[in-house]
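Take a look at the letters that make up each chain.
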Amino acid sequence: MERLYNTSLLVASVVFLSASAALAEARNFSPAEGQKFLQTYCIACHQGKSPAAGLNLSQLGAADSFRDHGQDWSKIYTRVRNSEMPPRGLPAPSSDRRELFITWVHDALKTEACADGITPGRAPLRRLNRTEYSATVRDLLDLHLDLSRMLPADGAGGEGFDNAAETLFLSPIHAEKYLEAAKLALDFAAKDKRSRAKFLIAVPGPDTTPHQAARTILESFLPRAFRRPIDPADLQVYLALFDTSRKTGQSFDESILFALKGVLVSPQFLFRAEPQNPASEARLLDDYSLATRLSYFLWGSEPDSLLLALAESGRLQDPEILKGQVARMLRNTKSFDFVQSFVEQWLGTRALAQNIHPDAKLFPVYAADEEVQGDVRYQPVLFFREIVANDLSLLNLLDSNFTIATRKLQKLYGLDVKPPLADKAESPQRIELPPNSHRGGLLGMSAVLAISSHPQRTSPVLRGKWILDSILGTPPPPPPPNVPALEASVGPTPHTVRELLTQHRANPVCASCHSRIDPLGFALENYDAIGQWRTQDSGKPVDTQGELPDGTKFEGPEPLKVVLLEKKQLFIRNLTNKMLGYALGRGLTLKDSCVVDGIVTEVEKNNYTAHSLINAVVMSMPFRYQSGVVPLRTKR
Ligand code: HEC
Ligand code: HEC
């Protein structure tokens, strides 16, 4: 198996570095220099009969080694990037040299990965995560019951989403909880008139035996539950469950519910399996699998009857029909699940409902008002939905002249909107922003500003890191161990956070990272830890100047947004990585970055509209195709 690595990490070097002149030079970093780097810092331990970690670096460095030893190179990339190799305490390259090296490795690996064209990549078997399970049962039984709370939380995979196959295996705990959820859902549904009409579509009557009624119910339920036509053998399994239950003296209702519980815990329901492609060449996905991929991408739930009908007629792969379906699905309210799930995980704002708790004494407006908390949390989600619903430019996420706000949010932001929102306007509305409102784009939103703050104070470091990571897709390397906390290093006199950090940056070791992280965050110092506008910090005027190592200067949020808009290509690339990873439900590999290149070009050609991104993801090879059987590799 090819070891996978996360593209956002691999692409990451690029801006974190481009801050310096490193990038321009990197293009000139030759294989000879690469080899020299290994010779200087690595070879002492990684050569001879028993090299450290079994990794012999003495043959690496030649151009063809990227083809033959791709796995080793990707490990080297990660360990060097994270400053784990050479081990601490040994002579180490300067941070510029380190960056030159990893940029060179990255480019060589990517060139190699794209050499044999675009391929679909893996499409691993995955369990429905708990949100998908809950939504699927909702649609199947027409039952509005939040089952997700009953189920264990799902971890996040490669691109940071909880729908990634890597994490969606089935543990015994899961099996037990899913069985409980299935029981609960069916018992509720059986007592609800509307629900019953949806799934208990037959009853034993004068001309219908219980067995016949059960058959009719299962014949309609099974294809929807399994998201494809069923075999007679499938039907037999569940009819047998019904019959067994009847034989023990159970009523018709009890027996059919028993059989249906069996369906809801069956692997064919719980897992999204796709028929294997036996050929060695990639092929178009079958229509049912495509319908399922599409519906779990844009609705987080099972395909509806129209998608299944299109699959049955074999027309779903028609590009025009596919695009039409995407547009239809985005108009449906179920697409809110996609928007929320995607946005909250991409931006990290889901943490607002989990472990982000601004100090109650300092920020009572937030801490004491659950409505404000909800308004804050949903603002980025609703903003993204507005962009998708109206097919607006994705660059609005960086800066915009409108936002979505409730009356309370408007008050929190001190927004002077004319005409004022009506008194009854508790629900979120689109607001055209007045000049100098400081509220355009994601960076003007409390949700984002709060998750990148500490409970009692802002953190330019966390905000800078958030921009590098969530916006530009170029996360800084993790900090070295044993860095003292900011407060611990302070005397009794009050200092602004900025003053404290300036002390740190006097140390060149710290500066190698912090001179690239902190300035981005300084520009946002006008926002306090819950995103309210301020002009003073610790009794001193807020200083919002920032300067990146390449000399780019800005002061305050608006000029920072201009800088980010200049880097829009990185932003769109990052968003594309996230969207593709989410759509495929897996971490991306270096190979996928060739696909990402194509999608980015498409989005640029279409003025960055939201639908152009979503359509390009759906039309992409990894989404619509499946790989053939991968012949076993003999080479390591
Ligand atoms: C002082 C000896 C030493 C030096 C110098 C050194 N390494 Fe290592 N390396 C080790 C040891 C010991 C391990 C195994 C422990 C670990 O994984 O951290 C290791 C592990 C690794 C691994 C992980 C291999 C695997 O299969 O997981 C990689 C990759 C690596 N080194 C690359 C490098 C590179 C590249 C350099 C130079 C920039 C370097 N090392 C310099 C000692 C060294
Ligand atoms: C390899 C890059 C790197 C280096 C070198 C580095 N840091 Fe950091 N530092 C970070 C990152 C990334 C964070 C954010 C960590 C997080 O997500 O919690 C951070 C966080 C911090 C924080 C916490 C800020 C806050 O608001 O809570 C302090 C303080 C800090 N670093 C000080 C230092 C000092 C002092 C040095 C030098 C001894 C140093 N750092 C070296 C990357 C680095």
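Residues numbered from 1 in each chain as written. Chains lettered and ligands numbered in written order. Predicted model: local features only at pLDDT ≥ 70, side-chain atom pairs only at ≥ 80, totals over all residues. Heavy atoms only, no water.

**Student:** What am I meant to see in the packing of aromatic side chains here?
**Tutor:** One pair of aromatic rings is described through two measures. These are the centre distance and the angle between the planes. Applying the stated rule across the entire model yields 24 aromatic pairs. Where Phe-101 meets Trp-104, the ring centres are 6.0 Å apart and the plane angle is 45°; that geometry is what we call tilted. Pair noted here: Phe-101 and Trp-104 are both in helix H6 (residues 95-114), with a separation of three residues, about one helical turn. Taken as a pair, Phe-101 and Trp-104 share a single burial class, namely buried. A network of ring pairs unites the aromatic residues Phe-297, Phe-338, Phe-342, Trp-346, Phe-384, Phe-571, Tyr-582 and Phe-623 as a single cluster. Note that Lys-334 overlies the ring of Trp-299, its terminal NZ or CZ placed 4.0 Å from the centroid. (Phe/Tyr/Trp six-rings, centres within 6.5 Å; stacked < 30°, edge-to-face > 60°. Helix = DSSP H or I, 4+ residues; strand = E, 2+ residues; numbered from the N terminus. Buried < 20%, exposed > 50% of the residue type's maximum accessible area, 1.4 Å probe, protein only. Lys NZ or Arg CZ within 6 Å of the ring centre and 35° of its normal.)

**Student:** Could you clarify how one ought to interpret the site of ligand 2 in this entry?
**Tutor:** Near ligand 2 lie 19 residues; those nearest to it are Ser-459, Lys-465, Cys-510, Cys-513 and His-514. Separating an oxygen atom of ligand 2 from a side-chain N or O atom of His-454 is a distance of 2.7 Å. Of all the elements in the fold, those that place two or more residues in the shell around ligand 2 are helix H22 (460-471) and helix H24 (508-522). With four residues, H24 is the single largest residue contributor to the shell around ligand 2. Taken together, the residues of the shell around ligand 2 break down into 13 nonpolar, four polar and two charged. (Near = heavy atom within 4 Å. Polar contact = N/O pair within 3.5 Å; in protein donor to acceptor, adjacent residues only side chain to side chain. Nonpolar A, V, L, I, M, F, W, Y, C, P; charged D, E, K, R; others polar.)

**Student:** Help me out: how do you make sense of the coordination of the iron atom of ligand 1 in this one?
**Tutor:** For a metal with four tetrahedral donors the ideal donor-metal-donor angle is 109.5 degrees, whereas six octahedral donors ideally subtend 90 or 180 degrees. The protein atoms donating to the iron atom of ligand 1 are His-46 (NE2) and Met-85 (SD), with metal-donor distances spanning 2.0 to 2.3 Å. Each of the six donor atoms around the iron atom of ligand 1 contributes to a set of angles spanning 84 to 179°, which defines the coordination as octahedral. Placement of His-46 in the loop between helix H3 (31-41) and helix H4 (65-68) and of Met-85 in the loop between helix H5 (70-81) and H6 is noted, with a sequence separation of 39 residues between them. (Donors = N, O, S within 2.8 Å, 3.2 Å for Na, K, Ca; no water. Tetrahedral: all angles 85-135°; square planar, octahedral: opposite > 155°, others 65-115°.)

**Student:** Whenever I open this one, the site of ligand 1 confuses me. Can you help?
**Tutor:** Around ligand 1, a shell composed of 17 residues is seen, among which Cys-42, Cys-45, His-46, Arg-79 and Met-85 lie nearest. In this structure, a nitrogen atom belonging to ligand 1 sits 2.7 Å away from a side-chain N or O atom of His-46. The side chain of Arg-79 places a nitrogen or oxygen atom 2.6 Å from an oxygen atom of ligand 1. Sorting the residues of the shell around ligand 1 by element identifies H3 and H5 as the ones contributing at least two each. For the shell around ligand 1, the leading source of residues is H5, giving four residues. Here the shell around ligand 1 is composed, by residue class, of 14 nonpolar, one polar and two charged.

**Student:** What's the story with helix H10 (residues 210-226) in this structure? I'm lost.
**Tutor:** One turn of an α-helix holds 3.6 residues; hence residues three or four places apart share an orientation. Relative to the 24 Å expected for 17 residues at 1.5 Å per residue, H10 spans 23 Å between its end C-alpha atoms, a close match to the ideal helical length. Ala-213, Ala-214, Ile-217, Leu-218, Phe-221, Leu-222, Arg-224, Ala-225 and Phe-226 are the residues of H10 that are buried. Those residues of H10 hidden inside the fold are in contact with helix H7 (130-141), helix H9 (193-199), helix H11 (232-247), helix H12 (252-264) and helix H13 (267-270). Following H10 by one or two positions, Arg-227 adopts a phi angle in the positive range, close to 60°. (Expected span 1.5 Å × (residues − 1). Contact = heavy atoms within 4.5 Å.)

**Student:** Can you help me understand the pairing of strand S4 (residues 402-405) in this one?
**Tutor:** Remark: a regular strand shows side chains that alternate across the two faces of the sheet. Residues Phe-402 and Ile-404 of S4 are buried on one face, and the alternating residues Thr-403 and Ala-405, pointing to the opposite face, are buried as well. In this sheet, strand S5 (residues 429-432) lies alongside S4 in antiparallel orientation, the contact comprising four bridges. Note on S5: the bridge partner recorded for Thr-403 is Ile-431. (Pairing = 2+ DSSP bridges.)

**Student:** Please clarify how the packing of helix H14 (residues 287-298) against helix H28 (residues 610-619) should be interpreted in this entry.
**Tutor:** Angle between the axes and distance between the axes: these two values describe a pair of packed helices. The interhelical angle for the contact between H14 and H28, taken along N-to-C directions, is 150°, at an axis separation of 11 Å. One element, H14, and the other, H28, form an angle in the roughly antiparallel class. For H14 against H28, the interelement crossing comes out right-handed. Here Leu-294, Phe-297 and Leu-298 of H14 lie close against H28, whose contacting residues are Ile-614, Val-617 and Val-618. Per-class residue counts for the contact of H14 with H28 are six nonpolar, no polar and no charged. (Axes fitted to C-alpha atoms, helices over the stretch in contact; angles between N-to-C directions. Parallel < 35°, antiparallel > 145°, perpendicular 65-115°, else oblique. Left-handed = near helix turned anticlockwise from the far one by under 90°.)

**Student:** What is the right way to look at unusual backbone geometry in this model?
**Tutor:** Negative phi is the rule for most residues except glycine; trans is the rule for most peptide bonds. For the peptide bond that leads from Met-85 to Pro-86, omega is -10°, which places it in the cis range. With respect to the helices and strands, Pro-86 occurs in the loop between H5 and H6. Residue Asp-142 is not a glycine yet carries a positive backbone phi of 50°. Summarising the element assignment, Asp-142 is placed in the loop between H7 and helix H8 (172-191). Residue Asp-142 is classed as partly exposed on the basis of its relative accessible area of 23%. Even without glycine at this site, Asn-436 takes up a positive phi of about 55°.

**Student:** Just to check I follow, could you spell out the pattern of salt bridges for this structure?
**Tutor:** Pairs may arise between side chains of opposite charge once their charged atoms sit close together. One pass over the structure, following the stated rule, counts 28 salt bridges. The residue Asp-337 makes a salt bridge to Arg-138 at a minimum N-O spacing of 3.5 Å. Separated by 199 residues along the polypeptide, Asp-337 in helix H17 (residues 335-347) and Arg-138 in helix H7 bring together distant segments of the chain. Overall, Asp-337 belongs to the partly exposed group, its relative accessible area being 29%. When the shortest N-O distance is used, the salt bridge between Glu-344 and Arg-377 registers 2.8 Å. Of the two residues, Glu-344 is situated in helix H17 and Arg-377 in helix H19 (residues 370-389); the sequence distance between them amounts to 33 residues. The buried category is assigned to Glu-344, whose relative accessible area is 2%. Linked by salt bridges that have partners in common, Arg-138, Asp-139, Lys-334 and Asp-337 make up one network. (Salt bridge = Lys/Arg side-chain N within 4 Å of Asp/Glu carboxyl O.)

**Student:** Sorry, what's going on with the confidence of the model for the protein chain here?
**Tutor:** Detailed reading of the predicted coordinates is not advisable wherever pLDDT falls low. Here the protein chain averages 87 in pLDDT, and 89% of its residues register 70 or above. Put simply, helix H1 (residues 7-18) is where the protein chain has its lowest mean pLDDT, 40, and helix H21 (residues 446-451) is where it has its highest, 98. Contacts of residues 1-26 to residues separated by more than four positions or lying in other chains number 70 contacts, the stretch itself having pLDDT below 50. (pLDDT = per-residue confidence, 0-100.)

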